[in-house]
Amino acid sequence: MDFSTVAKKASSGLLFLTIALMALSFVQCTPKHQVTSSTTTLINPDKGLKDYYRDYFPIGVAVSMASLHGPDSALIVKEFNSVTPENDMKMGPIHPSENVYNWKNADEIVDFATSHHIKIRGHNLCWHNQEAAWMFKGPNGEPVTKELLLQRLKNHIFTVAGRYKGKIYAWDVVNEAVDDGDDTTQIYRKSNWYKICNGPDFIEAAFRYAHEADPDAKLYYNDYNSEHPVKREKIYKLLKKLIEDHVPIDGVGMQAHWKLNDPSPNDLRKALDEVTSLGLKVQFTEMDITIRLPKSTPAPGTAPAAGGAMPTPEAGYTPEVEAKQIAQYKMAFDIFRQYRHFITNVTFWNVSDRSSWLDWRGGGLTGGAAAGVNTPREVRKAYPLLFDENRQRKKAYWSVVNF
Ligand code: XIL
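What you see is a predicted model, and the numbers here were worked out from it, not measured in a lab.

Details of the overall build of the protein
Looking only at helices and strands, the protein features 13 helices and 9 strands. In the protein, the proportion of contacts linking residues at least 24 apart, taken out of those at least 6 apart, comes to 77%. Total accessible area computed for the protein in this model is approximately 18600 Å², and 56% of it derives from carbon and sulfur atoms.

A word on the packing of helix 10 (residues 229-244) against helix 11 (residues 265-277)
Running from N to C, helix 10 and helix 11 cross one another at 10°; their axes reach a closest spacing of 10 Å. Comparing the axis directions of helix 10 and helix 11 gives the class roughly parallel. Each of P229, R232, E233, Y236 and L239 in helix 10 lies in contact with helix 11, whose residues at this interface are D267, K270, A271, E274, V275 and S277.

Description of the confidence of the model for the protein
Averaged over all residues, the pLDDT of the protein is 87; the fraction at 70 or higher stands at 79%. Note on residues 1-39: pLDDT is under 50 here. Beyond four places in sequence and across chains, it has 18 contacts. The low-confidence segment residues 363-367, where pLDDT is below 50, has 9 contacts with residues more than four positions distant or belonging to other chains.

A short note on the site of the ligand
If you check the shell around the ligand, you find 15 residues, and the closest are E86, K90, H123, N175 and E286. Between K90 and the ligand, the recorded distance is 2.7 Å, taken from a side-chain N or O atom to an oxygen atom. Contacts to the ligand include H123, whose side-chain N or O atom sits 2.7 Å from an oxygen atom. With the chains in place, 84% of the 420 Å² that the ligand exposes on its own is no longer accessible. The class makeup of the residues in the shell around the ligand is 4 nonpolar, 6 polar and 5 charged.

Overview of the packing of aromatic side chains
When we look at a pair of aromatic rings, we describe it by the centre distance and by the angle of the planes. For the coordinates displayed, the defined rule picks out 24 aromatic pairs. With a centroid separation of 5.7 Å and 65° between ring planes, the pair formed by Y53 and Y56 is classed as edge-to-face. With a relative accessible area of 0%, Y53 lands in the buried category. For K119, the ring lying beneath its charged end belongs to Y169, and the centroid distance is 4.3 Å. Directly above the ring of Y224 sits K231, whose terminal nitrogen or CZ lies 3.6 Å from the centroid.

Topic: the pattern of salt bridges
A complete count under the given rule lists 23 salt bridges for this structure. Its salt-bridge partner being R393, residue E79 comes within 2.8 Å of it at the nearest N-O pair. In this pair, E79 is assigned in helix 4 (residues 72-79) and R393 in the loop between strand 9 (343-348) and helix 13 (395-401), connecting sequence segments 314 residues apart. The pair formed by E79 and R393 is uniform in burial state, with each residue classed as buried. Its salt-bridge partner being E274, residue R232 comes within 3.8 Å of it at the nearest N-O pair. Placement of R232 in helix 10 and of E274 in helix 11 is noted, with a sequence separation of 42 residues between them. Taken individually, R232 and E274 each receive the classification buried, so the pair is uniform in this respect. Residues participating in the shared-partner salt-bridge network are D180, R189, D223 and K231.

Looking at helix 6 (residues 104-115)
Here helix 6 is 12 residues long and its end C-alpha atoms lie 16 Å apart, about the 16 Å a rise of 1.5 Å per residue gives. Along helix 6, the residues that are buried comprise A106, I109, V110, F112 and A113. The buried residues of helix 6 occupy one face: seen down the axis, they fall within an arc of 160°. Away from its buried face by more than 90 degrees, helix 6 exposes K104 and S115.

Considerations on unusual backbone geometry
Looking along the chain, the bond that leaves H123 and enters N124 is cis, with omega of -15°. Positionally, N124 belongs in strand 3 (residues 119-126). Positive phi values are uncommon outside glycine, yet H117 reaches one of about 55°. Tracing the sequence through the fold places H117 in the loop between helix 6 and strand 3. In this structure, N350 is a non-glycine residue whose phi angle is positive, near 95°. You can see N350 is positioned in the loop between strand 9 and helix 13. Exposure remark for N350: the relative accessible area of 7% places this residue in the buried category.

Let's talk about the nonpolar core
Grouped together as the largest cluster of nonpolar side chains are 104 residues, with contacts concentrated most on F284, M287 and F336. Counting residues in each nonpolar core, the second largest holds 5 residues, with A62, W349, W357 and A382 among its members.

Observations regarding helix 4
Note: α-helices contain 3.6 residues per turn, so residues at a spacing of three or four share the same orientation. Taken residue by residue, helix 4 has D72, S73, L75, I76 and E79 as its buried positions. Around the axis of helix 4, the buried residues are gathered within 165° of arc, so they sit on the same side.

A short note on the packing of helix 7 (residues 146-163) against helix 9 (residues 201-213)
Put simply, helix 7 and helix 9 touch, their axes get as near as 9 Å, and they point 35° apart. When the axes of helix 7 and helix 9 are compared, the crossing they make is right-handed. Where helix 7 approaches helix 9, its residues K146, L150, L153, K154, I157, F158, A161 and G162 are matched on the opposing element by D201, F202, A205, A206, Y209, A210, E212 and A213. Classifying every residue of the contact of helix 7 with helix 9 by side-chain character gives 11 nonpolar, 1 polar and 4 charged.

What about the pairing of strand 9?
Of all 6 residues in strand 9, 5 are buried, a share of seventy percent or more. Here 3 bridges tie strand 1 (residues 59-63) to strand 9, and the two strands are oriented parallel to one another. Within strand 9, the residue paired with G60 across the bridge is T347. Of the strand pairs in this sheet, strand 8 (residues 281-290) and strand 9 are connected by 4 bridges, and their pairing is parallel. The partner of V282 across the bridge, within strand 9, is I343.

Definitions and limits used
Residues numbered from 1 in each chain as written. Predicted model: local features only at pLDDT ≥ 70, side-chain atom pairs only at ≥ 80, totals over all residues. Heavy atoms only, no water. Helix = DSSP H or I, 4+ residues; strand = E, 2+ residues; numbered from the N terminus. Contact = heavy atoms within 4.5 Å. Areas by Shrake-Rupley, 256 points an atom, 1.4 Å probe, with all protein chains shown as cover. Axes fitted to C-alpha atoms, helices over the stretch in contact; angles between N-to-C directions. Parallel < 35°, antiparallel > 145°, perpendicular 65-115°, else oblique. pLDDT = per-residue confidence, 0-100. Near = heavy atom within 4 Å. Polar contact = N/O pair within 3.5 Å; in protein donor to acceptor, adjacent residues only side chain to side chain. Nonpolar A, V, L, I, M, F, W, Y, C, P; charged D, E, K, R; others polar. Phe/Tyr/Trp six-rings, centres within 6.5 Å; stacked < 30°, edge-to-face > 60°. Buried < 20%, exposed > 50% of the residue type's maximum accessible area, 1.4 Å probe, protein only. Lys NZ or Arg CZ within 6 Å of the ring centre and 35° of its normal. Salt bridge = Lys/Arg side-chain N within 4 Å of Asp/Glu carboxyl O. Expected span 1.5 Å × (residues − 1). Arc of directions from axis to C-beta. Core = buried A, V, L, I, M, F, W, Y, C linked by side-chain atoms within 4.5 Å. Left-handed = near helix turned anticlockwise from the far one by under 90°. Pairing = 2+ DSSP bridges.

Okay, here's the thing in structure tokens:
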């Protein structure tokens, strides 16, 4: 064999090898920014969160008209197999006066999800925020009686849960009815519901109505800070009482509006252990991990804000913050997988960091204690989700699918 034949053979061999390697890397299509250490999951960009977690639990996202009608929509279909209407099924928006129901948006979400074989969580049937204010007034503008209020609650739940019977697989029946304070004897939030009913009867009633309206739907009690020791105990007492009274309840929604350092793994496990010891399932219903940390020490040379505490100077999504967020997400999902037999859904509250309900909160804006609006802080973006402002997967994403 002369030199030119050898060279030809070698170069065609090389060509073959190059093509084979290219084909292999095309098939694997490994993204550059994947987490590389101890990878056991086959990283494949055609898979979405829902696919990585197919053997564990559905992965959901809160949706709005804006997300269904814009570029979020394709991402929702690719990554998630459960949706929760962010606002469109709440009492006030869906039932603004006695004989008026706004079905348009809620129907659209249900149709969208059904046509894409996506599960639907209903949110929510009874809450003290975004409430239907008309329910609290009697026929002549006087405060409503307990009897009439419960009758209205029943009509509301029968109508809404009845309309979506068989389509909504789980409902947040009562939202945030537990008090936030440190007094452990004060279990219930002093909401309009509580005051008018002169106690917590509305909670039990709401569950019974929901079960009657849709006997196959799974029924959840939903709240935030469910891992904090004091609130955890209060929620536990509420759940125990419901179970003792044979109220039809399937599980607890832990909202999971979390921070970089909160909850601790220990508190998260304790919350899960307590709830599951009652025979209840858990859904993480509104997950996000904000980068905004409250701080009460005044910065040097700055005047205290109203209330004495100072806003936190926040530098944005720095590498340090990013690393902490990755670690917190990883910790959470490591524990979620360990509790897979008890966890029946993990849902994110909004699609990407482009727009989160937490952005710009604080600084005197109102918006509910779950957002931490009562804690002074500089008003910044929260960057709390797994997709960035350009809807691209963040490193935190790879940290939860890389197991
Ligand atoms: C939030 C929505 O995301 C916002 O758009 C709205 O302005 C206020 O409510 N706990 C809940 C959710 O149960 O319904 C809240 O959703 C966030 C806190």
